[in-house]
Amino acid sequence: MAAVTVEPSAAVAAARRRRPSFWAVFWLVMAALYFLVPLYSMVQFSLEVAPHRYGFHWYAQIFADPLFRSSFLLSLRLAIETMLIGLVLMVPTVYWVHLRLPKLRPVMDMVAILPFVVPPVALVVGLSGVFTVAPWLLGSSQILALVYVILALPFTYRSLDAGMRAIDVRTLTEAAQSVGAPWWKTLFFVIMPNIRTAMLGAAFLTLAIVMGEYTISSLLLFNTFAVYIYYIGNTEAYQAAALAIISFVLTWGAMMGLFFLSRRTGAAGPAGVAVTR
Amino acid sequence: MAKLELRGIRKEFGEVTALEGLSLEVGSGEFVSLLGPSGCGKTTALRIVAGFERPTGGELLVNDQDVTHVPANRRNMGMVFQAYSLFPNMTAKQNVEFGLRVRGADRAERHRRASELLELVGLSARADRYPHQLSGGQQQRVALARALAIQPAVLLLDEPLSALDAKVRVQLREEIKRIQTQLGITTLYVTHDQEEALSVSDRVVVMSEGRLEQVGVPADIYRNPRTPFVAEFVGTMNRFDGRVEGPDAVAIGSTGTRIPVLEPHGRGVGEPVLVLIRPESVGLEELPNGAAPAGGLMEATVLLHTFLGAVTRMGLESPVGTLIADLPSVRALTLSPGTRVGIRIDPSGVRLLSP
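Please read all numbers here as calculations on a predicted model, not as lab measurements.

1. Quick look at helix α9 (residues 183–194) of chain A
A rise of 1.5 Å per residue sets the reference length of α9 of chain A, with its 12 residues, at 16 Å; its end C-alpha atoms lie 15 Å apart and thus fit the reference within 8%. Looking at α9 of chain A, one finds that the buried residues are Lys185, Thr186, Leu187, Val190, Ile191, Pro193 and Asn194 of chain A. Of the surrounding elements, those touching the buried residues of α9 of chain A are α4 (66–99), α7 (142–165), α8 (169–178) and α10 (196–212) of chain A together with α2 (92–102) of chain B.

Pasting the structure below:
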């Protein structure tokens, strides 16, 4: 029987490649401690029912609070509405800019960062003009979704722009048109499946922004999840820690959901190439 | 099968004129190539036919119907692109089915047609592969199948082989020709590769700076170029300034060396002409040491050899300047650099043009 041998030099080189250096491990541990120590402290604090006695008492109180459920569901509904409005508005826009108006891209880049420049307070003041034109929005939480679309614009635009850059939009569009596809079928069946990861990224960032947005909802007197977190933070220290952990788990869950969704659907990679199934 | 006609097509991009009144007819089932260097307007012409560009002027007709303003997706023209253009989210088969799917064909029909076409391009076994799992040549075959699936009136090919390596390029161009002949589909092919154009086309259209230089069958384009541009772009030419010496001879170079000509040029004695000689029309005979060339021969010295396979291209130093000659490699090997040779020019390979 022929024996398989490995050249000693090759084996040593491979072992060297596998063994991480001391400094690599050191910085990795430092970074992990930076994030994990506060998290651990918060978890411990949120579980402390009495000195040296632990349990889920504060978590149970949070979940039993009807205000928690209503504020969480309101924020979740607003997040979904914002995602849908943002994608419906921005996917065709970014597509057309890439396809027909590439010279407009620098202008789009500039417009997309405007929400960073305009303070939320100024946005709220600006809304008074909207209420005079569309008075039915006064008191309706829908106004928040419209404002959040603007807040999320930099992230939605950047994510979709990166997705479109990774594929050859023009050639794919022309290839689809040459076999008879009108523009909307090209967008739905050819372009969107190939920027799926970018769309999911935009949706997730929107979710994260809306779930954590406080200033505008507070100024417009809506009890969103962030307003509820602030209220609990001011009144109940233990419940605030538990709420922070719940919020963290929900965010983490959404991120994992995005990760598995993009893997399961074989979304387009950076080079616009489908992931092997 | 459809007849395609371009009537005075003009295209301007700002101040740049890409096409200056291009007129061309492509008959039913004909394979016509647009050949020219980069920037000559050949791709613009193809994109106008496909409907991706609007002409500034002129008309485009398919079967005598004006389609100049018909959108690309309603023209029924299949196109294969230079860049790999398969949809990355679809398998080879789904790519081929796509055109039928958007037209509302039922699943059985789509399946049957896609299988048929993948069989035609020799990729049945790879129907379920994604584009990134296929080689460049295979991707272009699938793109061809996708373009043919909709039974297009005209097949358009925009330098489909330029991204492929040499061997695959030759295989695929032969395959494109086989399929085109088998289906009898009217085809417009764009390339900058003269060998490609001459080998697959029924007719070749040579273009330069937005203008049509010459249209003809490949052999005619090669043997009888009508402009200095065509002569130099298609194949290799020895080019000299000369003057007419009589009905059967011209003089070239500062020495006034006489070259025999056959063609009835109808020019007066002393009239300046451009003399073009194909390298394969230059014959060589080795001169014995110290011997003078016999009558009709011009003396030259071998400068260098370029081995091209069956043929070897030789650079020669002659009284009229540097000449290029193509010789069978077996013969060329006996004439090493420095060898004195006598040059005999075949009059049938000499072409005269107005300077």
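What follows picks up the thread again.
2. A few points about the pattern of salt bridges
All names here are of chain B. All chains considered together, the criterion is met by 28 salt bridges over all chains. For Arg7, the salt bridge goes to Glu59, with nearest N and O atoms at 3.5 Å. Taken together, the positions of Arg7 in strand β1 (residues 4–13) and Glu59 in strand β4 (residues 57–62) put the pair 52 residues apart, joining distant regions of the chain. Put simply, Arg313 and Asp326 hold a salt bridge, and the shortest N to O gap is 2.8 Å. In this pair, Arg313 sits in strand β17 (residues 311–318) while Asp326 sits in strand β18 (residues 321–328), placing the two residues 13 residues apart along the sequence. Residue Arg313 is classed as partly exposed on the basis of its relative accessible area of 25%. Since its relative accessible area comes to 15%, Asp326 is described here as buried.

3. Examining the pairing of β1 of chain B
A regular strand places its side chains so that they alternate between the two faces of the sheet. Residues and elements named next belong to chain B. Pairing of β1 with β4 involves 5 bridges; the strand directions are antiparallel. Bridge pairing in β4 places Leu6 opposite Leu60. Of the pairings in the sheet, the one linking β1 to strand β2 (residues 16–26) comprises 7 bridges and is antiparallel in character. Paired with Phe13 across the bridge in β2 is Val16. Linking β1 back to β2 in an antiparallel pair, the connection comprises 2 residues, with Gly14 at a positive phi of about 65°.

4. Details of the packing of aromatic side chains
Applying the stated rule across the entire model yields 22 aromatic pairs over all chains. Seen from their ring centres, Tyr95 of chain A and Trp96 of chain A are 5.8 Å apart, and the 55° between their planes marks the pair as tilted. Residue classification places Trp96 of chain A among the partly exposed positions, given a relative accessible area of 32%. On the numbers, 5.6 Å between centres and 40° between planes, the contact of Phe31 of chain B with Tyr189 of chain B is tilted. Here Phe31 of chain B is found in strand β3 (residues 31–35), whereas its partner Tyr189 of chain B is found in strand β8 (residues 186–191), with 158 residues between them in sequence. Accessibility assignment for this pair places Phe31 of chain B and Tyr189 of chain B in one class, buried.

5. Here's the deal with the nonpolar core
In this structure, Ile191 of chain A together with Leu4, Phe98, Leu156 and Leu188 of chain B are the most contacted members of the largest nonpolar core, which totals 63 residues. Sort the elements by how many residues they give to this core and α4 of chain A lands first, with 7 residues. Sequence-distant contacts of Ile191 of chain A, that is, excluding residues within four places in its chain, are made with Tyr95, Met164, Ile167, Val169, Leu172, Thr173 and Thr186 of chain A. Formed by 38 residues, the second largest nonpolar core is a distinct cluster that contains Ala145, Ile216, Ile245 and Ile246 of chain A.

About the criteria used
Residues numbered from 1 in each chain as written. Chains lettered and ligands numbered in written order. Predicted model: local features only at pLDDT ≥ 70, side-chain atom pairs only at ≥ 80, totals over all residues. Heavy atoms only, no water. Helix = DSSP H or I, 4+ residues; strand = E, 2+ residues; numbered from the N terminus. Expected span 1.5 Å × (residues − 1). Buried < 20%, exposed > 50% of the residue type's maximum accessible area, 1.4 Å probe, protein only. Contact = heavy atoms within 4.5 Å. Salt bridge = Lys/Arg side-chain N within 4 Å of Asp/Glu carboxyl O. Pairing = 2+ DSSP bridges. Phe/Tyr/Trp six-rings, centres within 6.5 Å; stacked < 30°, edge-to-face > 60°. Core = buried A, V, L, I, M, F, W, Y, C linked by side-chain atoms within 4.5 Å.

Just distances and angles here, no functional claims.
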